[in-house]
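Fold and geometry: a report
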Amino acid sequence: MDDIVLYRVGGWSNQEIQTYAIALINALFLKAPEDRRQEMASTLAQKHLRSIILNHVIRGNRPIKAEMAHQLYVLQVLTFNLLEERMMTKMDPNDQAQRDIIFELRRIAFDGENDPTGTEKRKAMYTKDYKMLGFTNHVNPAMDFTQTPPGMLALDNMLYLAKVHQDTYIRIVLENSSREDKHECPFGRCAIELTRMLCEILQVGELPNEGCNDYHPMFFTHDRAWEEFFCVCIQLLNKTWKEMRATAEDFNKVVREQITRALAMKPSSLDQLKNKLRGLNYSEILRLRQSERMSQDDFQSPPIIELRERIQPEILELIKQQRLNRLCEGSCFRKLGNRRRQEKFWFCRLSLNHKVLHYGDLDESPQGEVPFELLSDKIPVSDIKSVVTGKDCPHMKEKSALKQNKEVLELAFSVLYDPDETLNFVAPNKYEYCIWTDGLCALLGREMGSDLTRSDLDTLISMEMKLRLLDLENITIPEAPPPVPKEPSSYNFTYNYS
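Residues numbered from 1 in each chain as written. Predicted model: local features only at pLDDT ≥ 70, side-chain atom pairs only at ≥ 80, totals over all residues. Heavy atoms only, no water.

The name recorded for the protein in an unreviewed UniProt entry is Engulfment and cell motility protein 2, from Liparis tanakae. Entered under Function (unreviewed entry) in the UniProt record, the comment concerning the protein runs "Involved in cytoskeletal rearrangements required for phagocytosis of apoptotic cells and cell motility. Acts in association with DOCK1 and CRK. Was initially proposed to be required in complex with DOCK1 to activate Rac Rho small GTPases. May enhance the guanine nucleotide exchange factor (GEF) activity of DOCK1." (UniProt positions renumbered as here; feature names shortened; annotations may be inferred.)

Pasting the structure below:
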């Protein structure tokens, strides 16, 4: 059965068949008793399921469809859920086999390969060694692994790092154990907290969500992807810790954000993950936070809201003046006829005192500004009753062919003026459409509601607030003013300038 399913995944290029095969594997995992799932995973690992999926699906020639992405996500979740048992297993401080693992961590860090039987010899120094390893309980470090999660899973991760990436392990331990300030990175405690954090980020122990397709290709690139992921993240933690000059209380401040941001970029391999994390150093995280705070309107404290409300009328007036200035410069429009070759050009511009619209026909498109003397017709602004757009325009109602042209419909607007006359426009592009409809609404004292105005308003307010708050970067803004200090006991004080 297993061989048939694997053949369907690797031996067929039809993604629909591959999707059904992976869905069947997922269903078998979900239906299997908990004590059989590890056995199933081992069988599939021996048959190189991960490599087959990586080479024939993820790195295949066809883009991955939504249903396949969902099945890969489910397989990823079910694979990580195999860690749940270790995650929820407390360490037994009296179990010698489990304690031997901690002894091995100490031996690799401090004894090297020259003292495999040095337990008795160094017994008096164990407490000091465990302190240097960063355990909370220096006398009996097994007690550090009695909380779940992460339980024994944290110890598994630490042992993997110590054995597979021994140089990295020894460097991290010795680098921090030699520091004498309060900013040393306690390896043991941080490894335990990091394991708990990774379990939360990857939702170890939780069932897959229906409709979710948030799989990570890099987890299909290594047989020990979880452990390698931990090894990458513990190096990140150590690096960030030094950049922040952190203390134990600072642990969750930045590292979780670095990891989640890097995962959101969907790195295709563990090496690519390292590169992403390298770019997300502490300074970059601070920059991203500041940028997002400004761009996403994240300032909710009353002083910031008040500042925005004060700035907005100034910015709207600035946008209004820009629109009116553009109307004074004028624009060229096409004069639509029944046949395209009969189309002519006409020009319209606002007088410099904003009281009259001048317009007139042209033989060809002008290269610059058209003088008022060449525009024979005019409309007093005081005569304008309203401005209508799109399908409400008279020239869109009259000409059915134009009405059916969505592009023309979105660029059409008309000026309705006394007694019952209209001046019909079709803007050459969306930008000119927004400029003219905004400018005409401003002339009539109405709100400028175009997409361009909303975009300009957000951009200009953001820039203005950044300038005004420049000296407040990375400073928490209080929601209430500070209390007035108490009066001094006496006013009998002077300053001697000599």
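Before going further, it helps to spend a moment on unusual backbone geometry. Backbone torsion omega between Thr148 and Pro149 reads -20°, so that peptide bond is classified as cis. Positionally, Pro149 belongs in the loop between helix H8 (126–132) and helix H9 (152–164). A cis amide bond links Pro149 with the next residue in sequence, Pro150, at an omega value of 10°. Secondary-structure assignment places Pro150 in the loop between H8 and H9. Despite not being glycine, Gln203 shows a phi value in the positive range, around 55°. (Helix = DSSP H or I, 4+ residues; strand = E, 2+ residues; numbered from the N terminus.)

Geometry of a packed helix pair, given as the angle between the helix axes and the separation of the axes. Direction vectors running N to C along helix H16 (residues 302–329) and helix H21 (residues 451–468) enclose 130°, while the axes themselves pass 9 Å from each other. Classified by the angle between their axes, H16 and H21 sit oblique to one another. Between H16 and H21 lies a crossing whose hand is right-handed. Note on element contacts: H21 touches H16 through Leu452, Thr453, Asp456, Leu457, Asp458, Leu460, Ile461, Glu464, Met465 and Arg468, opposite Ile304, Leu307, Arg308, Ile311, Gln312, Glu314, Ile315, Leu316, Leu318, Ile319 and Arg323. Its residues placed into classes, the contact of H16 with H21 shows 12 nonpolar, 2 polar and 7 charged. (Axes fitted to C-alpha atoms, helices over the stretch in contact; angles between N-to-C directions. Parallel < 35°, antiparallel > 145°, perpendicular 65-115°, else oblique. Left-handed = near helix turned anticlockwise from the far one by under 90°. Contact = heavy atoms within 4.5 Å. Nonpolar A, V, L, I, M, F, W, Y, C, P; charged D, E, K, R; others polar.)

Our next topic: the packing of aromatic side chains. This structure, assessed with the given rule, holds 16 aromatic pairs. With centroids separated by 5.3 Å and ring planes inclined at 85°, the aromatic side chains of Phe219 and Phe229 adopt a geometry described as edge-to-face. Taken together, the positions of Phe219 in the loop between helix H11 (187–201) and helix H12 (225–244) and Phe229 in helix H12 put the pair 10 residues apart, joining distant regions of the chain. Phe229 carries the same exposure label as Phe219, and that label is buried. Ring centres of Trp346 and Tyr359 lie 6.1 Å apart, and the angle between their planes is 80°; this geometry places the pair in the edge-to-face category. Residue Trp346 is found in strand S2 (residues 344–350), and its partner Tyr359 is found in strand S3 (residues 356–362); the two are separated by 13 residues along the sequence. These aromatic residues form a ring-pair network of at least three members: Phe333, Trp346, Tyr359, Phe413, Phe425, Tyr433 and Trp436. Over the face of the ring belonging to Phe372 we find Arg349, whose NZ or CZ atom lies 3.8 Å from the ring centre. (Phe/Tyr/Trp six-rings, centres within 6.5 Å; stacked < 30°, edge-to-face > 60°. Buried < 20%, exposed > 50% of the residue type's maximum accessible area, 1.4 Å probe, protein only. Lys NZ or Arg CZ within 6 Å of the ring centre and 35° of its normal.)

The next subject is the sheet that holds strand S1 (residues 331–335). Reading across from one edge, S1-S2-S3-S4 is the order of the 4 strands in this open sheet, with antiparallel pairing throughout. In this open sheet, the two strands that pair with only one neighbour each are S1 and strand S4 (377–380). The average angle at which neighbouring strand axes cross in this sheet is 25°, direction not considered. Inspection of the sheet shows S1 paired to S2 by 5 bridges, in the antiparallel sense. Looking at S2, one finds that Ser331 is bridged to Cys348. Sheet contacts for H16: S1 and S2; angle to S2, the most-contacted strand, approximately 130°. (Pairing = 2+ DSSP bridges.)

Turning next to the sheet that holds strand S6 (residues 412–417). Strands sit in the order S5-S6-S7 across an open sheet of 3 strands; the sheet is antiparallel. Two strands close off the open sheet at either side, each with one partner strand: strand S5 (384–389) and strand S7 (421–426). Put simply, the sheet's adjacent strands are angled 20° from each other on average, direction ignored. Packed on one face of the sheet, helix H20 (residues 430–443) meets S5, S6 and S7 and runs near 25° to S6.

Another aspect to go through is the nonpolar core. By size, the foremost hydrophobic cluster in this structure holds 64 residues, and its most contacted members are Phe145, Tyr169, Phe187, Leu194, Trp226, Phe229 and Ile259. Setting aside anything within four residues of it in sequence, one finds Tyr169 in contact with Leu105, Arg106, Ile108, Ala109, Leu133, Leu161, Ala162 and Phe187. In this structure, Ile304, Leu327, Leu350 and Ile461 belong to the second largest nonpolar core, which totals 44 residues. (Core = buried A, V, L, I, M, F, W, Y, C linked by side-chain atoms within 4.5 Å.)

This part covers the packing of H9 against H11. Where H9 meets H11, the axes come as close as 9 Å, and the angle between the chain directions of the two elements is 115°. Every pair of crossing elements has a handedness; the one defined by H9 and H11 is right-handed. Taking contact as the criterion, the partners of Leu153, Ala154, Asn157, Met158 and Leu161 in H9 are, on H11, Phe187, Gly188, Ala191, Ile192, Thr195 and Cys199. For the contact of H9 with H11, the residue count by class is 8 nonpolar, 3 polar and no charged.

Moving on, we get to the pattern of salt bridges. As enumerated under the stated definition, the model contains 25 salt bridges in all. Of the charged contacts in the structure, one is a salt bridge between Arg224 and Glu227, with a shortest N-O distance of 3.2 Å. Measuring nitrogen to oxygen at the nearest pair gives 2.2 Å for the salt bridge that ties Asp451 to Arg454. One end of the pair is Asp451 and the other is Arg454, both in helix H21 and 3 residues apart, which spans about a single turn. Judged by relative accessible area, which is 45%, Arg454 ranks as partly exposed. The network of salt bridges with common partners includes Glu257, Arg261 and Arg289. (Salt bridge = Lys/Arg side-chain N within 4 Å of Asp/Glu carboxyl O.)

Let us now look at a negative patch on the surface. On the surface, a cluster of negative charge is made up of Glu34, Asp35, Glu84 and Glu85. Breaking the negative patch down by element, the ones donating at least two residues are helix H3 (34–46) and helix H6 (84–87). Structurally, the position occupied by Glu85 is in helix H6. (Patch = residues over 30% accessible without salt bridge, like charges linked within 9 Å, V, L, I, M, F, W, Y side chains within 5 Å. Areas by Shrake-Rupley, 256 points an atom, 1.4 Å probe, with all protein chains shown as cover. Lys, Arg positive; Asp, Glu negative; His and termini not counted. Charge placed at Lys NZ, Arg CZ, Asp CG, Glu CD.)

In this section: the pairing of S2. Of all 7 residues in S2, 6 are buried, a share of seventy percent or more. Pairing of S2 with S3 involves 6 bridges; the strand directions are antiparallel. Within S3, the residue paired with Phe345 across the bridge is Leu362. Joining the antiparallel neighbours S2 and S3 is a turn of 5 residues, in which His354 adopts a positive phi near 65°.

Before going further, it helps to spend a moment on the side chain of Gln258. Locating Gln258 in the fold gives a position in helix H13 (residues 251–264). For Gln258, the side chain forms a polar contact with the side chain of Thr240, separated by 2.9 Å. (Polar contact = N/O pair within 3.5 Å; in protein donor to acceptor, adjacent residues only side chain to side chain.)

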